[in-house]
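The residues making up each chain are set out below.
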Amino acid sequence: MSALNIKKGSTSHSAYDLRDSHSQAEESHTLAVIVENEPGVLARVIGLFSGRGYNIDSLTVAEVDHTGHRSRITVVTRGTPSVIDQIEAQLSRMVPVHAVHDLTAEGPSVQRELALIKVAGKGDARIEALRLCEIFRAKVVDSTLESFVFEMTGPPEKIDAFADLMRPLGLKEIARTGVAALSRGA
Amino acid sequence: MTRSMTGARMVVQALKDQGVEVVFGYPGGAVLPIYDEIFQQNDIRHILVRHEQGAVHMAEGYARSTGKPGVALVTSGPGATNAVTGLTDALMDSIPIVVLTGQVPTFMIGTDGFQEADTVGITRPCTKMNWLVKDTAKLAETIHQAFHVATHGRPGPVLIDIPKDVQFANAEYTPPQKAKVDHYQPRVKGDIEAITRLVEMLEVAERPILYTGGGVINSGKAASQLLRELADATGIPVTSTLMGLGAYPASGKGWIGMLGMHGLYEANLAMHGCDLMINIGARFDDRITGRITDFSPKSKKVHIDIDPSSINKVIRVDVPIIGDVGHVLEDVLKVWKARGRKVNKAGLAKWWAQIEDWKRVNCLAYAPGEKTIKPQYALQRLEALTRGRDRYIATEVGQHQMWAAQFLSFDEPNRWMTSGGLGTMGYGLPASIGVQIAHPEALVINVAGEASWLMNMQEMGTAMQFRAPVKQFILNNERLGMVRQWQELLHGERYSSSWSESLPDFVKLAEAFGCKGIKVSDPKDLDDAINEMLAYDGPVIFDCLVEKHENCFPMIPSGKPHNEMLLSADADAFKSGAVLV
Ligand SMILES: Cc1ncc(C[n+]2csc(CCOP(=O)(O)OP(=O)(O)O)c2C)c(N)n1
Ligand SMILES: [Mg+2]
């Protein structure tokens, strides 16, 4: 380890070592972030994710306390446990953030998403779509002779499953709200 | 009593109520109403800079050397974008500053108006918090909140964007006592169980080390005092990051020098070999840890930090303590004393013997120059000729910065201003002016590289105008020295664009600014030249021509562990032929 042998300028001595130090398996977590409802807060939260290279799988936001001006942001994110811890810590220290709850870590939670699904078709396909709609307890909120718009609420996986079934039956368009979630129990 | 006033007047009133004495700024269309108010009062001094980046670095220098928030005022558009580097610098180094920007009138926002920029959008990632104020009634309260946020918790830069119509409109002024600083009250007291755990570990540790950082300085003078008490009472060796120099005195018996990429051999080896690492207000920066997987493999780690996101971000620790350094150290001392002031005496004695052994490597040794001034020598002479004076040091970024950290000693906090996290060339000159404005009688020196210094040299005009007698001590190697060093050691000696070509004549430049220029190239003239600089009552540009190809050692190439450090061929270890591990 002397300066002398490296001083020769051999390029085999790369100074760069960019290995990932601890690789753990990724997990999906749903975070509820309670924020002050003021301009720029959502941008700040999203900027944290993009700036630090975290994932956003789904994001919903709305004011939930009109008098207290609080909004609730629900983020579904993915990462190794240490990354999830970091995300939580990074969110918590933001000035306009009041609280962060990791709903996945804190116990069972209810997760719901709303989707509108447009399916076009005729004949048997149309009948099959309507039958599946009933099985999945979706609602028809618009219909023409050649199309339906289904409305459905449920956990994201259920919407995925329904959308998969609709694909061969003439799925045209899908709009999803992203996940809203609450912990179970009092 | 309600007081109605214009937004512009509110700005000045709110600054006064926050105890602000100096604002560093540059006018423009979108802040003219505020400048008009500044003109009509005498409580707040305005320092007219030459570039908005300079204003922000001056505010940083002011803040670092006083512990109070620094304030900058700039116009919309280009004024705001010029402030971005300073904001990012302050964010990385946790410096409390408040930046006020003008904005086009609210009704023009979004129309690509003249000098419109999305200032809050651009500065969101480089501020701790920022606000666009659209209603004059909320302006004063927002300014008070901004000061609160900048100075509480982990300090940092905040920005308030104020459209011109908001500055003209009238509303009722909210005094600081009535402003709600709402929920932002980060916790300062550490968990007492974790603190007790730390004390238990400290009592038995054989090879403990205190790894201190800028958090000690940010916590305030009391924190530095408590650190001294803890280190001296326990006999645990102290090292510090670049940011923390001065928190524990360099003359203290526990001091083993700076650690990190260009830290001392003994400090880095002690970090590598310790069995208990107590991180106090530092953040395991990659310039400190080297290769993560090999970082201090045998130690238990405790981390005291006010920012929960610093915990386990880079290095997993055994005992995290979230709180303000001052508060936590106070409790650590209390618990340690109550439990009978125990330490592992035998272990510590062996540990110190080992550290003394490492010190014998003499890692800062260099071959003295006969005809040329070695940069290390220049700093040693500067140190010798200024020691004992009321001295503040700023630096630029590069080799000279690392040598300054190695060869100058600091016995007090807030005496050392350097861009650590962002490594901003061009920081030092304006920072030194900010320091001098805060401490008019003190000796303020910017240790600079010629290349960095050129980046904000226009601020010499500010120094002249406001009679800030800053000494610009340029270690001129006619090279982007640090870049050249990496190219020599790591890129096959291919010196791609690391020459400082077409340099100005610094003495003539000084004359052009109306200050004093001194040039020195012979080691035997150095002392006289430094004394001449110190004796001159005014700004000085000191052009110290130094050895062009000196490398800064020790060096841990990035991504290498601490025990794979490069040492200078002049270190004693090589003279004696010793083999190092
Ligand atoms: C704004 C900025 N641009 C580029 C760099 C990369 N950089 C780091 S040190 C350095 C060379 C500095 O040269 P000089 O100021 O003369 O100092 P020396 O290393 O020669 O002492 C450069 C280009 C930087 N840190 N900051
Ligand atoms: Mg240079």
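Residues numbered from 1 in each chain as written. Chains lettered and ligands numbered in written order. Predicted model: local features only at pLDDT ≥ 70, side-chain atom pairs only at ≥ 80, totals over all residues. Heavy atoms only, no water.

Q: What's the story with the overall build of chain A in this structure? I'm lost.
A: The secondary structure content of chain A amounts to five helices and nine strands. Reading the helices (α) and strands (β) of chain A from amino to carboxyl end gives α-β-α-β-β-α-β-β-α-β-β-α-β-β. Split into buried and exposed, the 186 residues of chain A put 39% on the buried side. For chain A, contacts bridging at least 24 residues in sequence account for 71% of all contacts bridging at least 6. (Helix = DSSP H or I, 4+ residues; strand = E, 2+ residues; numbered from the N terminus. Buried < 20%, exposed > 50% of the residue type's maximum accessible area, 1.4 Å probe, protein only. Contact = heavy atoms within 4.5 Å.)

Q: Before we go on, may I ask you to explain the packing of aromatic side chains in this structure?
A: Aromatic ring pairs: the centre-centre distance and the angle between the two ring planes describe each pair. All told, the structure shown has 13 aromatic pairs over all chains when counted by the stated rule. Summarising the aromatic geometry, the rings of Phe 24 of chain B and Tyr 62 of chain B are spaced 6.1 Å apart at their centres and angled 65° between planes, so their arrangement reads as edge-to-face. Of this pair, Phe 24 of chain B sits in strand β2 (residues 22-25) while Tyr 62 of chain B sits in helix α3 (residues 52-66), placing them 38 residues apart in sequence. Side by side, Phe 24 of chain B and Tyr 62 of chain B carry an identical accessibility label, which is buried. One aromatic cluster is present, built from ring pairs that chain together Phe 136, Phe 148, Phe 150 and Phe 162 of chain A. Taking NZ or CZ as reference, Arg 126 of chain A lies 4.3 Å from the ring centre of Phe 148 of chain A, over its face. Taking the ring centre of Tyr 392 of chain B as reference, the NZ or CZ of Arg 415 of chain B above it sits at 4.1 Å. (Phe/Tyr/Trp six-rings, centres within 6.5 Å; stacked < 30°, edge-to-face > 60°. Lys NZ or Arg CZ within 6 Å of the ring centre and 35° of its normal.)

Q: Is there a simple way to explain the site of ligand 1 in this structure?
A: Residues and elements named next belong to chain B. Taken together, 17 residues sit near ligand 1, with Gln 399, His 400, Gly 423, Ser 452 and Gly 481 positioned nearest. Between ligand 1 and the protein, one listed contact pairs an oxygen atom with a backbone N or O atom of Met 482 at 2.9 Å. The element contributing the most residues to the shell around ligand 1 is helix α19 (residues 450-455), with four residues. Taken together, the residues of the shell around ligand 1 sort by class into seven nonpolar, eight polar and two charged. (Near = heavy atom within 4 Å. Polar contact = N/O pair within 3.5 Å; in protein donor to acceptor, adjacent residues only side chain to side chain. Nonpolar A, V, L, I, M, F, W, Y, C, P; charged D, E, K, R; others polar.)

Q: Looking at this structure, I do not really get the side chain of Thr 60 of chain A. What am I missing?
A: All names here are of chain A. Mapped onto the elements, Thr 60 comes out in strand β2 (residues 58-65). Within the local environment of Thr 60, its side chain forms a polar contact with the backbone oxygen of Val 179, the two atoms lying 3.0 Å apart. In this structure, Thr 60 is in contact with Arg 72, Ile 73, Thr 74, Thr 177, Gly 178, Val 179 and Ala 180, ignoring residues within four places of it in sequence.

Q: Sorry if this is basic, but what is going on with the coordination of the magnesium ion (ligand 2) here?
A: Metal coordination angles have textbook ideals: 109.5 degrees for a tetrahedral set of four donors and 90 or 180 degrees for an octahedral set of six. The protein atoms that coordinate the magnesium ion (ligand 2) are Glu 450 of chain B (OE), Glu 450 of chain B (OE), Asn 477 of chain B (OD1) and Arg 479 of chain B (O), at distances of 2.1 to 2.7 Å. Every donor counted, the six donor atoms about the magnesium ion (ligand 2) form angles of 51 to 174° at the centre, which fits irregular coordination. (Donors = N, O, S within 2.8 Å, 3.2 Å for Na, K, Ca; no water. Tetrahedral: all angles 85-135°; square planar, octahedral: opposite > 155°, others 65-115°.)

Q: In this structure, what is going on with the pairing of strand β6 (residues 129-132) of chain B? I would like to understand it.
A: Remember that side chains alternate between the two faces of the sheet whenever the strand is regular. Residues and elements named next belong to chain B. In the sheet, β6 pairs with strand β7 (residues 157-163) via four bridges, with the strands oriented parallel. The residue bridging Trp 131 from the neighbouring strand is Ile 160, located in β7. Crossover β6 to β7 through helix α7 (residues 136-151) is right-handed. (Pairing = 2+ DSSP bridges. Right-handed = clockwise from strand over helix to strand, strands pointing away.)

Q: What is the right way to read unusual backbone geometry from this model?
A: Leave glycine aside and you will find that most residues have negative phi; peptide bonds, for their part, are mostly trans. Residues and elements named next belong to chain B. Geometrically, the link from Phe 553 to Pro 554 is a cis peptide bond, its omega value of -5° lying close to zero. Mapped onto the secondary structure, Pro 554 falls in the loop between β20 (540-545) and α24 (572-575). Here the phi dihedral of Asn 362 falls at roughly 55°; this positive angle occurs in a residue that is not glycine. Tracing the backbone through its elements, the reader meets Asn 362 in the loop between α15 (345-359) and α16 (375-386).

Q: Hey, could you run me through the state of the cysteines in this one?
A: Simply put, disulfide is the name for a covalent bond between the sulfur atoms of two cysteines. Residue and element names in this part refer to chain B. For the structure on display, the rule yields zero disulfides over all chains. Summary of cysteine pairing: Cys 363 is not part of a disulfide, and the nearest cysteine sulfur, belonging to Cys 552, is at 10 Å. With no disulfide of its own, Cys 515 has Cys 544 as its nearest cysteine by sulfur position, at a separation of 17 Å. Looking at Cys 515, the relative accessible area reads 7%, which means it is buried. (Disulfide = S-S within 2.5 Å.)

Q: For this particular structure, what's the right way to read the sheet that holds strand β12 (residues 276-280) of chain B?
A: One key point about sheets: their strands pair by backbone hydrogen bonds, in either a parallel or an antiparallel sense. Residues and elements named next belong to chain B. Pairing in this open sheet of six strands is parallel, and the strands run β11-β10-β9-β12-β13-β14 from one edge to the other. For this open sheet the edge positions go to β11 (255-258) and β14 (319-322), each flanked by a neighbour on one side alone. For this sheet, the mean inter-axis angle between neighbouring strands, taken without regard to orientation, is 15°. In terms of strand pairing, strand β13 (residues 300-305) meets β14 through four bridges, oriented parallel. Bridge assignment links Val 302 to a residue of β14, and that residue is Val 319. The strands touched by helix α11 (residues 221-234) are β9 (208-212), β10 (238-240) and β12; relative to β9, the strand with the most contacts, the crossing angle is about 165°. Set on the sheet, helix α12 (residues 265-273) makes contact with β9, β10, β11 and β12; between it and β11 the angle comes to about 100°. (Axes fitted to C-alpha atoms, helices over the stretch in contact; angles between N-to-C directions.)

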